[in-house]
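Results of the structural survey
Below are the chains, spelled out letter by letter.
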Amino acid sequence: MATDTLHTPAERRNRNVAVILFLVAAGMVGAAYAAVPLYELFCKVTGFGGTTRVATDNPKGVIDRLMTTRFDSNVDAGLAWHVTPAHPVTAEIGRVETIVYTARNLTDETITGTAVFNVTPERAGSYFNKMECFCFTEQTLKPGETVEMPVTFFVDPDIDKDAELKTIHDITLSYTFYASKNKGS
């Protein structure tokens, strides 16, 4: 006859509940670690949340509709940088443009940071194509160092076919800069 170390039905139920709760907690921790890369992948594929597309060129050409692209920067309190965004650019939709953000380390220590971005209006993100970008790449600045960070982009001419964006004349590309876990080199 097999013996169960937990003799009563209540003890067995408690053990089962404990195991289930442990598995749920472990699953939640795993989901938390997977959430960021999965969300980034989802946004890149769908353009959700103002996420842009990546391109190597513009095969669709330029159309006769002007779009102003504005640039914005925010620096998290944990990063002692001053970041200056580029001036707005007004150009025909489809024209490839290169702009430059400038970042300066305000400290006497080497600091590494990284940037995340979004585009507003959010729906326009799927039409905003970046060919060159510093986002998601760690940037290391020596004490007092200033660097230029270029962004090469174009707005997909298909934006003109989107009825919800027909009246949009301004897009904003915004970067938020954070201190990297890898503080300095």
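What counts and what doesn't
- Residues numbered from 1 in each chain as written.
- Predicted model: local features only at pLDDT ≥ 70, side-chain atom pairs only at ≥ 80, totals over all residues.
- Heavy atoms only, no water.
- Helix = DSSP H or I, 4+ residues; strand = E, 2+ residues; numbered from the N terminus.
- Buried < 20%, exposed > 50% of the residue type's maximum accessible area, 1.4 Å probe, protein only.
- Contact = heavy atoms within 4.5 Å.
- Core = buried A, V, L, I, M, F, W, Y, C linked by side-chain atoms within 4.5 Å.
- Phe/Tyr/Trp six-rings, centres within 6.5 Å; stacked < 30°, edge-to-face > 60°.
- Patch = residues over 30% accessible without salt bridge, like charges linked within 9 Å, V, L, I, M, F, W, Y side chains within 5 Å.
- Areas by Shrake-Rupley, 256 points an atom, 1.4 Å probe, with all protein chains shown as cover.
- Salt bridge = Lys/Arg side-chain N within 4 Å of Asp/Glu carboxyl O.
- Pairing = 2+ DSSP bridges.
- Axes fitted to C-alpha atoms, helices over the stretch in contact; angles between N-to-C directions.
- Polar contact = N/O pair within 3.5 Å; in protein donor to acceptor, adjacent residues only side chain to side chain.

1. Remarks on the overall build of the protein
Of the regular secondary structure elements, the protein holds one helix and 10 strands. The secondary structure elements of the protein, listed N-terminal to C-terminal, are α-β-β-β-β-β-β-β-β-β-β. A buried classification covers 33% of the 185 residues belonging to the protein. Within the protein, residue pairs in contact and separated by at least 24 positions form 76% of the contacts whose partners lie at least 6 positions apart.

2. A few points about the nonpolar core
The biggest cluster of nonpolar side chains holds 33 residues, and the ones touching the most others in it are Tyr101, Ile159, Tyr175 and Phe177. Secondary-structure elements contributing two or more residues to this core are β2 (66–75), β3 (81–84), β4 (89–92), β5 (97–105), β6 (111–120), β9 (146–155) and β10 (170–179). With five residues, β9 is the single largest residue contributor to this core. Not counting chain neighbours up to four residues away, the residues in contact with Ile159 comprise Arg65, Met67, Ile93, Ala124, Tyr127, Leu165 and Ile171.

3. Section: the packing of aromatic side chains
On inspection of all chains with the given rule, the structure shows 10 aromatic pairs. Taking the centre distance of 5.6 Å and the plane angle of 65 degrees together, the rings of Tyr101 and Phe134 count as edge-to-face. With a gap of 33 residues between them, Tyr101 in strand β5 and Phe134 in the loop between β7 (128–132) and β8 (139–141) connect regions that are remote in the sequence. By the burial criterion, Tyr101 is buried, and Phe134 matches it. A centroid spacing of 5.8 Å and a plane angle of 15 degrees characterise the contact between Phe134 and Phe177, whose relative ring orientation is stacked.

4. Topic: unusual backbone geometry
For the bond running from Thr120 to Pro121, omega is 0 degrees, close enough to zero to count as cis. Its location among the elements puts Pro121 in the loop between β6 and β7.

5. Describing a nonpolar patch on the surface
A contiguous nonpolar patch, built from Val19, Phe22 and Leu23 and spanning about 320 Å² of accessible area, is present on the exposed surface. Along the polypeptide, Leu23 turns up in helix α1 (residues 9–46). In this structure Leu23 comes out as exposed when scored by relative accessible area, which is 54%.

6. Points about the side chain of Ser180
Within the fold, Ser180 resides in the segment after β10. Judged by relative accessible area, Ser180 falls into the buried class, the value being 5%. Among all residues touching Ser180, those that are not within four sequence positions of it are Thr112, Gly113 and Glu138.

7. Section: the sheet that holds β4
If you walk across this open sheet you meet the five strands as β4-β2-β10-β6-β8, and the pairing is mixed. Because the sheet does not close on itself, it has two edges, and the strands there are β4 and β8. For this sheet, the mean angle separating the axes of adjacent strands, direction not counted, is 30 degrees. Judged from the four bridges that link them, β2 and β4 form a sheet pairing that is antiparallel. The residue of β4 that forms the bridge with Thr68 is Thr90.

8. Structural notes on the pairing of β5
Here β5 shows a clear split, with Glu97, Ile99, Tyr101, Ala103 and Asn105 buried on one side and none of Thr98, Val100, Thr102 and Arg104 buried on the other. Sheet topology places β3 next to β5; four bridges connect them, and they run antiparallel. Across the sheet, the residue bridging to Val83 is Ala103, located in β5. Here eight bridges tie β5 to β9, and the two strands are oriented antiparallel to one another. The residue of β9 that forms the bridge with Ile99 is Val151.

9. With respect to the side chain of Asp162
With respect to the element layout, Asp162 can be found in the loop between β9 and β10. For Asp162, a relative accessible area of 6% gives the class buried. Engagement of the side chain of Asp162 in a polar contact is seen with the side chain of Arg123, the distance being 2.9 Å. Apart from residues no more than four positions distant in its own chain, Asp162 is found in contact with Arg123 and Tyr127.

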